[in-house]
Amino acid sequence: MLRFLVRHQFLPPSTLLRHVLFSNGTSASSGATASLDPHFLVEYLMNTCGFSADVASKVSKLLPRSQSTEKADAVLGFFRSQGLDGANLRRIIAWKPGLLGWDVETNLAPKFKLLREMGLSESDIIVIVWRHPIVIGYNSENVLLPRFKVWESLLGSKEILLKHLRRSGWFFSSNIENVVRPNINFLRDECGIPEARLSLVIKRQPSFITQNPDALRALVDRTAGFGVPRESIMFIWVLNALYRVSREKFEAHVKLMNRFGWSNSEFVAAIPKHPTFLLLSTEALQRKMEFLIKIVGSTPSDIAKHPMVLELSLEKRLIPRFHVMEILKSEGLWTSRYKLHTFFISPGPKFLQKYVLPYKDKLPKLLEVLSIVPEFKGNNPEC
């Protein structure tokens, strides 16, 4: 009967909980505890949080069998007052069901207060707590605030930290003393990488500095094995690229480029020139190689010497510029001094100045070809 009343909104879910939890007759308002009936706990989770029966059953098994009824209602009410409801609330409770037994004033409110004092907006807090609920579990003064300050220093500003936290805050849980600091000291003191250079990578990829210290040392040895000197400016960028690409993907890239005519030595030599080509999917790499070799006429060796061309967008850069090349060739205006990699890599304004504007009166279709390309939209042909 009680469940019927709740389902038809005659009684709020919290009322159901108060009725069913206290089989010993103790008043719910007294804050006493009693053994939780698993069946009704599942009902409570379904009605108050919107969990499915299966998920509610799993979550209920992780809850203590005895707790104050007021705490569960207070916790849910607090989260909702902070803007966390629906799927956001379910994610947090499913991550740590024990939160339903926390004291709001002692455990939860101080953490949200600290997040606001750090400069996070209400919407920031919702996103960060939803993406990275472990921040709720940190001790406010001893862990959360010091960690925030460390990452703010590593990334250079609070704005950059917040940007990363909004997008993916899991790196924030890494152990500062046992992981982050040892990695920084190793790269700086043993590898000779200046902090300013290291900072550039951390700003782009915070998780790079949170990897297992032994794994980082192995990665350094692997990079050195490719013949990249530690004092090289590109050393840290090769490290970061290798960190981000699995060995399986790396080997798949090697096999693919072998099929297109690259030797293993050419592949290794291309890495320090522009290591981020390793991050491309095998499918994207194949399409670009096929286009450059079979359509454009580039040689595998030339691409290996200038791998940056592989990172250019096929649809937005390579194909439109190739059409410009075709038009110039058809009019006898393409000369052998035009190097293919320079043609594709040149920045938009320089490309216009060299390959388009000198012929804009005679060949207005050159500008028509580029008019749909984002990098040329809004450019004044006269500039």
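Residues numbered from 1 in each chain as written. Predicted model: local features only at pLDDT ≥ 70, side-chain atom pairs only at ≥ 80, totals over all residues. Heavy atoms only, no water.

**Student:** Tell me about the overall build of the protein chain, and name the residues and values.
**Tutor:** Secondary structure assignment for the protein chain yields 22 helices and two strands. Counting only residues that meet the buried cut, the protein chain has 45% of its 383 residues in that class. Looking at the protein chain alone, contacts between residues at least 24 apart form 66% of all its contacts between residues at least 6 apart. Per element, the accessible surface of the protein chain, about 18,900 Å² overall, is 53% carbon and sulfur. (Helix = DSSP H or I, 4+ residues; strand = E, 2+ residues; numbered from the N terminus. Buried < 20%, exposed > 50% of the residue type's maximum accessible area, 1.4 Å probe, protein only. Contact = heavy atoms within 4.5 Å. Areas by Shrake-Rupley, 256 points an atom, 1.4 Å probe, with all protein chains shown as cover.)

**Student:** Describe in detail the pattern of salt bridges, supporting the description with residues and values.
**Tutor:** Applying the stated criterion across every chain yields a total of eight salt bridges. For Arg 188, the salt bridge identified is with Glu 195, shortest N-O distance 2.7 Å. Residue class for Arg 188 comes out partly exposed when judged on its relative accessible area of 29%. Residue classification places Glu 195 among the partly exposed positions, given a relative accessible area of 46%. A salt bridge links Arg 217 to Glu 190, with the nearest nitrogen and oxygen atoms 3.1 Å apart. One end of the pair, Arg 217, is in helix α13 (residues 213–225); the other, Glu 190, is in helix α11 (residues 176–190), with 27 residues separating them in the sequence. Using a relative accessible area of 48% as the deciding quantity, one classes Glu 190 as partly exposed. Salt bridges sharing common partners tie together Arg 188, Asp 189 and Glu 195. (Salt bridge = Lys/Arg side-chain N within 4 Å of Asp/Glu carboxyl O.)

**Student:** Describe in detail the packing of helix α8 (residues 122–131) against helix α10 (residues 158–167), supporting the description with residues and values.
**Tutor:** Close contact between α8 and α10 brings their axes to 8 Å; oriented N to C, the two are set at 50°. Taken together, the axis directions place α8 and α10 in an arrangement best described as oblique. For the pair α8 and α10, the contacting residues are Asp 124, Val 127, Ile 128 and Arg 131 in the first and Leu 162, Leu 165, Arg 166 and Arg 167 in the second. For the contact of α8 with α10, the class distribution of residues is four nonpolar, no polar and four charged. (Axes fitted to C-alpha atoms, helices over the stretch in contact; angles between N-to-C directions. Parallel < 35°, antiparallel > 145°, perpendicular 65-115°, else oblique. Nonpolar A, V, L, I, M, F, W, Y, C, P; charged D, E, K, R; others polar.)

**Student:** Residues and numbers for helix α7 (residues 104–117), please.
**Tutor:** Taking 1.5 Å of rise per residue, the 14 residues of α7 would be expected to cover 20 Å, and the 18 Å separating its terminal C-alpha atoms lies within 8% of that figure. When the local axis directions of α7 are compared, the greatest deviation, roughly 25°, occurs at Pro 110. Backbone geometry just downstream of α7 places Gly 119 in the positive-phi region, at approximately 110°. (Expected span 1.5 Å × (residues − 1). Bend = angle between axes of the 7 residues up to and from the residue.)

**Student:** Explain α10 residue by residue, including any values.
**Tutor:** Residue pairs three or four apart in sequence face the same way in an α-helix, which turns once every 3.6 residues. Along α10, the positions that sit buried rather than exposed are Leu 161, Leu 162, His 164 and Leu 165. Seen end-on, α10 carries its buried residues on one side only, within an arc spanning 165°. Structurally, α10 contributes buried residues whose contacts are with α8, α9 (140–155) and α12 (195–204). (Arc of directions from axis to C-beta.)

**Student:** Would you mind going over the packing of aromatic side chains in detail, with residue names and values included?
**Tutor:** Taken as a whole and assessed by the stated rule, the structure comprises 16 aromatic pairs. Each ring, one from Phe 226 and one from Phe 250, has its centre 5.7 Å from the other, and the planes form 20°; the classification is stacked. With Phe 226 in the loop between α13 and α14 (235–244) and Phe 250 in helix α15 (residues 247–259), this pair connects stretches of sequence that are 24 residues apart. Judged by its relative accessible area of 6%, Phe 250 falls in the buried class. Both rings, one in Phe 343 and one in Tyr 355, keep their centres 4.8 Å apart while their planes meet at 80°; by these two values the pair is edge-to-face. Separated by twelve residues along the polypeptide, Phe 343 in helix α20 (residues 340–345) and Tyr 355 in helix α21 (residues 348–356) bring together distant segments of the chain. Between the NZ or CZ atom of Arg 147 and the centre of the ring of Tyr 138, over which it lies, the distance is 4.9 Å. Here Arg 222 stacks its cationic end above the ring of Phe 250, 4.8 Å away from the centre of that ring. (Phe/Tyr/Trp six-rings, centres within 6.5 Å; stacked < 30°, edge-to-face > 60°. Lys NZ or Arg CZ within 6 Å of the ring centre and 35° of its normal.)

**Student:** Now, about the environment of Val 129: what can you tell me, with residues and values included?
**Tutor:** Mapped onto the elements of the fold, Val 129 is located in helix α8. Taking the C-alpha atoms as reference points, Val 129 and Arg 166, 37 residues apart in sequence, are found 9.2 Å from one another. Setting aside its immediate chain neighbours within four residues, Val 129 contacts Leu 84, Ile 92, Phe 112, Leu 115, Val 135 and Ile 136.

**Student:** Can you break down the nonpolar core residue by residue, with the values?
**Tutor:** Of all hydrophobic cores here, the largest spans 114 residues; its most connected members are Phe 79, Trp 151, Leu 187, Trp 262 and Leu 310. Dropping the residues within four chain positions of it, Leu 187 is found in contact with Gly 192, Ile 193, Leu 198, Phe 208, Ile 209, Leu 216, Val 220 and Leu 239. (Core = buried A, V, L, I, M, F, W, Y, C linked by side-chain atoms within 4.5 Å.)

**Student:** Any details on the side chain of Glu 152? Residues and values, ideally.
**Tutor:** Relative to the assigned elements, Glu 152 resides in helix α9. Within the buried set, Glu 152 has no salt-bridge partner at all; the shortest N-O distance to an opposite charge, 4.0 Å, is to Lys 149. Residues within four places of Glu 152 in sequence aside, it is in contact with Ser 157, Lys 158 and Leu 161. (Lys, Arg positive; Asp, Glu negative; His and termini not counted.)

**Student:** Let's hear about the packing of helix α6 (residues 86–95) against α8: which residues, and what values?
**Tutor:** Look at α6 against α8: their axes get within 9 Å of each other, and the N-to-C directions meet at 40°. What the angle tells us is that α6 and α8 run oblique. Helix-helix and strand crossings are classified by hand; for α6 and α8 the assignment is left-handed. For the pair α6 and α8, contact is made by Ala 87, Asn 88, Arg 91 and Ile 92 and by Ile 126, Val 129, Trp 130 and Arg 131, respectively. Grouping the constituent residues of the contact of α6 with α8 by class yields five nonpolar, one polar and two charged. (Left-handed = near helix turned anticlockwise from the far one by under 90°.)

**Student:** Describe the side chain of Ser 207, with residues and values.
**Tutor:** Along the chain, Ser 207 turns up in the loop between α12 and α13. One polar contact links Ser 207 to Tyr 243, side chain to side chain, over a distance of 3.1 Å. With near-sequence residues (within four places) excluded, Ser 207 lies in contact with Trp 170, Phe 171 and Tyr 243. (Polar contact = N/O pair within 3.5 Å; in protein donor to acceptor, adjacent residues only side chain to side chain.)

**Student:** If you had to explain the environment of Leu 198 to someone new, which residues and values would you point to?
**Tutor:** For Leu 198, the position within the fold is in helix α12. Beyond its immediate stretch of four places on either side in the chain, Leu 198 contacts Ile 184, Leu 187, Ile 193, Phe 208, Ile 209 and Ile 236.

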